[in-house]
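Report on the structure
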Amino acid sequence: MTNLLTSLNIRGEKILLIGYSNVTNLRINSIIESHAYPILVIPEDFTIPTSVKQHQTSGKLVVIDDSEYASNIGHYLTKIGRSEVDEVIDRVFVTLPQHQMNLKEEIFRRCKRLRIPINTTDSPQFSSFTLLSSFTHGDFQLGVTTNGKGCKLASRLKREIVNKLPSDIDLICDKVGELRRQIQIEDEVDFDIGDDDDDSVNTHKFNSLVQEFNQTQEEIKGRRNRWLSQIVEYYPLSKLATLSIEDLRFAYDKYKRDNKQEVECELSPKKGKIALVGSGPGSVALLTLGALQTIHQADLILADKLVPQEVLDLIPKNHGPELFIARKFPGNAERAQEELLTLGLQALQKGKFVLRLKQGDPYIFGRGGEEYNYFAEHGYEPIVIPGISSALAAPVVAGIPMTHREVADQVLICTGTGRKGAVPNLPSFVPSRTTIFLMALHRIVELIPVLIEEKGWLPDLPVAIVERASCPDQRVIRTTLAKLGEAVESCGSRPPGLLVTGYACELIHKNLNLKNWLVSEGFQYDFNNYKISVA
């Protein structure tokens, strides 16, 4: 069975709901959001949920308690509606149990005779209309129906379809709609339903020849309408998503100046794009597909100096993007950051796709928020692709379960370096917490006394240093807080590294021989043959 799908304007209508179930609450919310007035009829002894009572209290919902409602159906259908339709109700939703099938059928027959649209839950044979599983984003609305074969299936299909749509489908509607209105005003043309040039259908005139000379004034007026229709019909959605009103105006103005015979969509100077992307802790195996895709799409890659070579090797060599690695060294971090921002902005102004490739995750002690605001303030809102933070990955590859029943029920991620190198506000000791310190190893000797003497940390607390996590030369040093400084001095440093603290550190790997510290080398998992191919 195929039904005619419509989008109904129910503003101001009075809509009757008979009976109650979980779906009734959804119906009430949808009706109110559509600026209509729901009227709920229920038995006197029925207790409605708090959320429904709130609508009743606010005056958005009328609730009628009537244990004899089955005998009063005629009254509700014809006496409580709007005056402009002679008090007949505008629409009916029935939600009654299966044992009241006879009542469902009676209500349906009465509505059919009165030509009142009716929907009966779980009884499509007693429904003259059904609701779609819908998605709304701005002025864009999508509805899916299986014609009574299952609302769960319709909801699943809707999600699958929505996932394929551009994320800014609402902007596409706004921009194309605005241009359509401008053409209508400036060219004084009507977008009539019966017009062969209407952009909602393809007619025999859609691709017909547009004469270059000797056009009538009416033909000239209709040309922009035809042009917009072809843009919407043929231009890729991914491109439409990036178009602006200014782009479309530029294209038409150029078309008008050059007096072209066919519609061309030459855009105004391309606007650059920027992505803030996390490259993960080091191993290519932990790089996201989103990060890999942007690496192959970018024109310019601005990389942190700690992004491992294994990831940088994925950058295409022939005609690939330009690579610039941050010149951040002690005492130059702020100037190097300003240099990256300046280079990125200059490339964006030239219409390039800039990839800001950051180690770990952009937002976990990676200045991602600062960079987002900088580029957004200059008119370029970044795309942000999460990365696997070393704070989360390093404990795993080091054999440290950050949470474990009766050992650790919380995880805290801290920095050991405040702004301009200051000592940050260190946390107090919590026995059931696993605390991870980033950017702390270079000053660990300075931090240990503060933790023990001022913050109540225990000297024999198990800790672990994880360096170059997930890389082939990964190293893990396991010791206690009191011996940590001596261990770092003895073993040296292999950046980047972090510190994991807490009793979770000895859950799997225990120091049975009571050594001052234990050192393990190499990445535990065999990803040596792991390969990524890009089509």
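As annotated in an unreviewed UniProt entry, the protein is Met1 uroporphyrin-3 C-methyltransferase from Candida orthopsilosis. The Catalytic activity (unreviewed entry) comment attached to the protein in UniProt states, word for word, "uroporphyrinogen III + 2 S-adenosyl-L-methionine = precorrin-2 + 2 S-adenosyl-L-homocysteine + H(+)". Check the Sequence similarities (unreviewed entry) section of the UniProt entry for the protein; it says "Belongs to the precorrin methyltransferase family."

**What about helix H14 (residues 390–397)?**
Along H14, six of the eight residues are buried, which leaves the element largely enclosed by surrounding structure. Buried within H14 are the following residues: Ser 390, Ala 391, Ala 393, Ala 394, Pro 395 and Val 397. Turning to H14, the residues buried within the fold contact strand S13 (410–415), strand S14 (433–438), strand S15 (462–467) and strand S17 (497–501). Its side-chain oxygen placed 3.1 Å from the backbone nitrogen of Ala 391, Ser 389 serves as the N-cap of H14. A positive phi of about 75° marks Gly 399, the residue just after H14.

**Digging into the pairing of strand S8 (residues 273–278)**
The element S8 is largely enclosed, with a buried count of five among its six residues. Sheet analysis places S8 next to strand S12 (residues 383–385), joined by three bridges and oriented parallel. Residue pairing for S12: Leu 276 is matched across the bridge by Val 384.

**Remarks on the UniProt feature "domain: Siroheme synthase central" (unreviewed entry) in the protein**
In the UniProt entry, the feature "domain: Siroheme synthase central" (unreviewed entry) is given for residues 138–163. Along residues 138–163 the backbone is 50% helical and 19% strand, and the end-to-end C-alpha distance reaches 16 Å.

**With respect to helix H1 (residues 22–33)**
With twelve residues, H1 should reach 16 Å at 1.5 Å per residue; the first-to-last C-alpha distance of 18 Å fits that figure. Among the residues making up H1, those that are buried are Thr 24, Asn 25, Arg 27, Ile 28, Ile 31 and Ile 32. Burial along H1 is one-sided: seen end-on, the buried residues are contained in an arc of 160°. Along H1, exposed side chains directed more than 90 degrees from the buried face belong to Asn 22, Leu 26 and Glu 33. Buried residues in H1 make contact with strand S1 (14–18), strand S2 (37–42), helix H2 (50–58), strand S4 (91–94) and strand S5 (118–120). Just downstream of H1 lies His 35, where phi reads positive at about 65°.

**Overview of the packing of aromatic side chains**
Scanning the model with the defined rule gives seven aromatic pairs in all. Pairing Tyr 374 with Phe 375 gives two aromatic rings, centres 5.2 Å apart and planes at 85°, and the pair type is edge-to-face. On the accessibility criterion, Tyr 374 (22% relative accessible area) is partly exposed. Counting every residue linked through ring pairs, the aromatic cluster contains Phe 429, Phe 437 and Trp 457.

**Quick notes on the sheet that holds strand S9 (residues 300–303)**
Sheet strands pair via backbone hydrogen bonds, and the direction of the pair is either parallel or antiparallel. Reading across the sheet, the five strands line up as S10-S9-S11-S8-S12 and stay open at both edges, with parallel pairing between neighbours. A strand with exactly one partner marks an edge of an open sheet, and here the two such strands are strand S10 (322–325) and S12. This sheet shows a mean twist of 20° between the axes of neighbouring strands, independent of strand direction. Note: S9 against strand S11 (residues 353–358), four bridges, orientation parallel.

**Section: the packing of H1 against H2**
Axis separation between H1 and H2 bottoms out at 10 Å; the angle between their running directions is 30°. Relative to H2, the element H1 is oriented roughly parallel. With respect to the hand of their crossing, H1 and H2 are arranged in left-handed fashion. Taken together, the residues of H2 that come into contact with H1 (itself represented by Asn 25, Ile 28, Asn 29 and Ile 32) are Ser 51, Val 52 and His 55.

Rules used in this analysis
Within any chain, residue numbers begin from 1 and follow the written order of that chain's sequence. Side-chain atom pairs in this predicted model are given and counted only at pLDDT of 80 or more, local residue features only at pLDDT of at least 70, and totals for whole chains, interfaces and linings cover all residues. Calculated side-chain values reflect all of the structure's heavy atoms, with hydrogen atoms and water omitted. UniProt positions are given in the numbering used here, feature names are shortened, and annotations may be inferred rather than shown by experiment. Note on classification: 1.4 Å probe, protein chains only; a residue is buried when its accessible area is under 20% of the maximum for its type, exposed when over 50%, partly exposed between these limits. Going along the chain from the N terminus, every DSSP run of H or I of four or more residues is numbered as a helix, and every run of E of two or more is numbered as a strand. In this description, contact between two residues means that some pair of their heavy atoms is separated by no more than 4.5 Å. Polar contact is defined as a pair of N or O atoms within 3.5 Å, subject to the rule that within protein one atom must be able to donate a hydrogen and the other to accept it, and that residues adjacent in sequence are counted only when both atoms are side-chain atoms. Any two strands with at least two DSSP-identified bridges between them are counted as paired. To estimate how far a helix should reach, multiply one less than its number of residues by 1.5 Å. Comment: arc refers to directions from the helix axis out to C-beta atoms. Within 6.5 Å between ring centres, the rings of Phe, Tyr and Trp (the latter by its six-membered ring) count as paired, and their orientation is classed by plane angle as stacked under 30 degrees, edge-to-face over 60, tilted in between. Angles here are taken between N-to-C directions and fall from 0 to 180 degrees, while the axes themselves are lines fitted to C-alpha atoms, restricted in helices to the stretch in contact. When describing relative orientation, an angle under 35 degrees is termed roughly parallel and one over 145 degrees roughly antiparallel, while 65 to 115 degrees is termed roughly perpendicular and anything else oblique. Each crossing is labelled by how the near helix is turned from the far one, with a counterclockwise turn of less than a right angle marking it left-handed and a clockwise turn marking it right-handed.

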